[in-house]
Amino acid sequence: MIDFTILTTYQDEYLKGFMTTIEASLLGLVGSFIIGVIIAVFRISSVRPLRWFGTAYVEFLRNIPLLITVFVFYHGLPVLHINLSGFASGTLGLAVYTSAFIAEAIRAGINAVPKGQMEAGRSSGLTYIQTMRYVILPQAIKVVIPPLGNQFINLVKNSSILGVVAGLDLMYFGDTINSETFDVFSTYIFVGLFYLVLTIPLSLFVGYLERRLARAY
Amino acid sequence: MMMKKSWKKALTLLVVSSLTALALVGCGSSSSTDNKTTSDTGTKKTDTVSSATLDAIKKRDKLIAGVKFDTNLFGLKDPATGKVNGFDIDIAKALAKDILGDENKIEFKEVTSKTRIPMLDKGDIDVIIATMTINEERKKQVNFSDVYFKAGQSLLVKQGSPIKTVDDLKGKKVLAVKGATSVKNVKEKSPGVEVLEFDNYAEAFTALKSGKGDALTTDNAILMGMSQQDSSYVLTGGLFTDEPYGIASKHGEDEFTKYLNTFLKKINDNGDYAKIYKQWFKEDPKK
Amino acid sequence: MDFAGAFTAANLKYMMQGLGVTLEIAIWSIALSFLFGTLIAILRYARIPVLSQVLMAFVEMIRNLPLLLIIFFTFFAIPEVMNLNLTPIQAAIAALSIFEAAMISEIVRAGLNSIPKGQVEAARSSGLGYVQTLRHIVLPQALRKMVPPLVSQFISLIKDTTLTTVIAIEELLRSAQIVYSQKQDYVFPMLILAALTFFVINYALSLVAGRLERRFQV
């Protein structure tokens, strides 16, 4: 039977971990979005070195494991005398890793809008920025939102990586509670439920948006 | 219309997943009671039943020992040779020799403080010889042999650190390993200390070296091994607990535990133990 | 940083062994998750009452949990609950396969659903059986659309094998850990080496996928 006393005895730990997981996910979301937009702009830029940098950034980060990225921030940066906590390096690693996927999603969205529209916008007297702002981006957003939503769900799940670098998140406290209770089954069932409380509503919301946007076309 | 549909989906999802959860709970409850009954009868029957573990080892003609791979002096994998070396390793080899007549009839599997009990339970390994402290909590899950090594918890700090005793830890960050007894001890000895736990000693020591904490706490013997690897880290604070190590085997297999105790007594009497001890710790075993 | 000290022949050989374990886990998991993922998708596509709902709940639950948790659960809790003995490597393969099968089933399902229902009806009314329709009409077309997302899922899987370090499996990253715990100067070189190894494998895979995609489009 699931031992519910674990939940009450360790409620402080569970809640602290839960809040940290939310915090890391939100910071990771904001961070990865900002970096992702910048990299996407680089990738569609007409300046070659920027485009190369953007491509290298995306291709490299997409193809290496998140855990290695986080370890580089956690164990590797001290070589350069930058010492980050488990939470900071975990969240930073998460943001950097996810930004590569977000950049790709944004680029795909912008590319999905036919080139002719940019030309039409420009020839009807709008500037490049204006065309982007009023013509291209509103259309691109419809294509971008669903993959962005999925990336956010991934980000929440991937934040569990903080547990490996003592980032004090839900996964970390799951492990520490487990070493006191020895009740692996109950301890991790509750950890799982806390994650589902976050991810299931998010998934449903993303699914709903996806269907709505699909109809809006 | 759209909303209605997605609500319906959400509802089905909720219902079905709670059913799945219930089913899982059901499984969990029935089998955990099963476990209890089997282990109960197991302890009752010990007088008549011969050791299943021992029979399995003999039939396989190989002892499978769960040991550390990242703990200098006890069990450390040498990437150059692919071999694991250490005090625990040599004790395990002596055990293989005792059971099967050949110290090479042995296989080492890596365990961490967190994984060792589950691996023993599942039958991946026959014994745990992995710097494992005997305590009451664990006795409910595994059988322990008599003490084969006496350790005590201590602290490892960078040379010149202001931390001299366990009392200096207040408000400091201390690194430890998940599933180890040291976490509870240090919290009791020094309330207000912040403990950060890692999955294995390699990670914890790397974290200390990259400045993630002010001290690393675990048994002195393990810390000695780390200090030997990197001499800019030293032991401090003396010993603040007793950590007697035992060889763990499956819960309820009392015959096998008896065998292990006879084995330990034998190598103690014939001097093999002292030889192994001296090889790793450069001194004679303490009485 | 000490690249020369870290990259000795012995350490490199040890890392190669780690890579072998990584590939072993990855290849088994890719095969199993593809098999189960496709099976789940087809069963859900067939809309068998109850089974279909159960599968949906299963897929949604797994997809919404962190893989790290599934690895712990498979390794620690499953043997406790069911009477199932898995070695650590088997547990890792099982966990990765379960998680990725849920992800893959969604890719396959999206591929199947992208084929207009009219084609199925047309095929059925021209005398083909359900399985035949699936086999000859739906799957070949769906497969083309599935190749790019499937390959990125496999790349994810290969990356995710590193999470098994937490249950002390001596794969590539754990091997790097064991080497770099000897000396702080080895940390950076070993992490870089591990990262580059993954990059080479995954980038090559994505190039092959790109080529396949272009060939399919012709």
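Residues numbered from 1 in each chain as written. Chains lettered and ligands numbered in written order. Predicted model: local features only at pLDDT ≥ 70, side-chain atom pairs only at ≥ 80, totals over all residues.

In the annotation of an unreviewed UniProt entry, chain B is listed under the name Amino acid ABC transporter substrate-binding protein (PAAT family) and assigned to Tumebacillus permanentifrigoris. Listed in UniProt under the heading Sequence similarities (unreviewed entry), the comment for chain B reads: "Belongs to the bacterial solute-binding protein 3 family." (UniProt positions renumbered as here; feature names shortened; annotations may be inferred.)

Per an unreviewed UniProt entry, chain A carries the name Amino acid ABC transporter membrane protein 1 (PAAT family) and comes from Tumebacillus permanentifrigoris. UniProt annotates chain A under Sequence similarities (unreviewed entry) with the comment "Belongs to the binding-protein-dependent transport system permease family." Of chain A, the UniProt comment under Subcellular location (unreviewed entry) reads exactly: "Cell membrane".

Chemist: I'd like a rundown of the overall build of chain B, residues and numbers included.
Modeler: A tally of helices and strands in chain B yields 10 helices and 13 strands. By residue count, 47% of the 287 residues in chain B fall in the buried class. Long-range contacts, defined as pairs at least 24 residues apart, comprise 68% of the intrachain contacts of chain B with a sequence gap of at least 6. (Helix = DSSP H or I, 4+ residues; strand = E, 2+ residues; numbered from the N terminus. Buried ≥ 20, exposed ≤ 12 C-beta atoms within 10 Å, placed from the backbone. Contact = placed C-beta atoms within 7 Å.)

Chemist: Run through the UniProt feature "domain: ABC transmembrane type-1" (unreviewed entry) in chain A, naming residues and quoting values.
Modeler: UniProt's entry tags residues 18-206 of chain A with the feature "domain: ABC transmembrane type-1" (unreviewed entry), counted in the numbering of this structure. End C-alpha atoms of residues 18-206 of chain A are separated by 21 Å, and the span's content is 82% helix alongside 0% strand.

Chemist: Please set out unusual backbone geometry residue by residue, giving values where relevant.
Modeler: A positive phi angle is found at Leu-73 of chain B, which is not glycine, with a value near 80 degrees. Position of Leu-73 of chain B among the secondary structure elements: in the loop between strand E2 (70-71) and strand E3 (75-77). One non-glycine residue, Val-50 of chain C, lies in the positive phi region at around 65 degrees. With respect to the helices and strands, Val-50 of chain C occurs in the loop between helix H2 (9-45) and helix H3 (51-63). Among the residues examined, Val-50 of chain C registers 8 C-beta atoms within 10 Å and is labelled exposed.

Chemist: Please give an account of the domain arrangement of chain B that cites residues and values.
Modeler: Residue and element names in this part refer to chain B. As far as domains go, chain B holds domain 1 (52-150 + 244-281) and domain 2 (153-236). Using C-alpha coordinates to define each centre, domain 1 is positioned 25 Å away from domain 2. Contact residues are listed per partner, giving 12 residues for domain 1 and 17 residues for domain 2. (Domains from an automatic or database assignment.)

Chemist: Go over the interface of chain C and chain A, please, and point to the residues and values.
Modeler: Many authors give the size of an interface as the accessible area that is lost as the parts come together. Contacts between chain C and chain A engage 28 residues on the former and 29 residues on the latter. Taken together, the elements giving at least two residues each to the side of chain C that touches chain A come down to helix H4 (67-81), helix H7 (130-160) and helix H9 (187-217) of chain C. Counting residues per element, the side of chain C that touches chain A draws most heavily on H9 of chain C, which supplies 9 residues. Considering only residue class, the side of chain C that touches chain A consists of 22 nonpolar, 3 polar and 3 charged. (Nonpolar A, V, L, I, M, F, W, Y, C, P; charged D, E, K, R; others polar.)

Chemist: Could you give me a rundown of the UniProt feature "domain: Solute-binding protein family 3/N-terminal" (unreviewed entry) in chain B, with the residues and numbers involved?
Modeler: UniProt tags residues 62-284 of chain B as "domain: Solute-binding protein family 3/N-terminal" (unreviewed entry). When the span residues 62-284 of chain B is considered, its composition is 35% helix and 28% strand, and the gap between its end C-alpha atoms is 31 Å.

Chemist: I'd like to hear about the UniProt feature "transmembrane region" (unreviewed entry) in chain A, residue by residue, with values.
Modeler: Residue and element names in this part refer to chain A. The sites that carry the UniProt feature "transmembrane region" (unreviewed entry) are, in the present numbering, residues 24-44, 56-74, 80-103, 155-173 and 185-209. Here residues 24-44 runs as 100% helix and 0% strand, with 30 Å between its end C-alpha atoms. Annotated as 75% helix and 0% strand, the span residues 80-103 places its first and last C-alpha atoms 28 Å apart.

Chemist: So what about the sheet that holds E2 of chain B? Which residues, and what values?
Modeler: All names here are of chain B. One open sheet holds the 3 strands; their spatial order is E2-E3-E4, and the pairing between them is antiparallel. Of all strands in the sheet, those bounded by a partner on one side alone are E2 and strand E4 (84-85). As defined by bridge partners, E3 adjoins E4 across 2 bridges and the pair is classed as antiparallel. Bridging across to E4, Lys-77 finds its partner in Val-84. (Pairing = 2+ DSSP bridges.)

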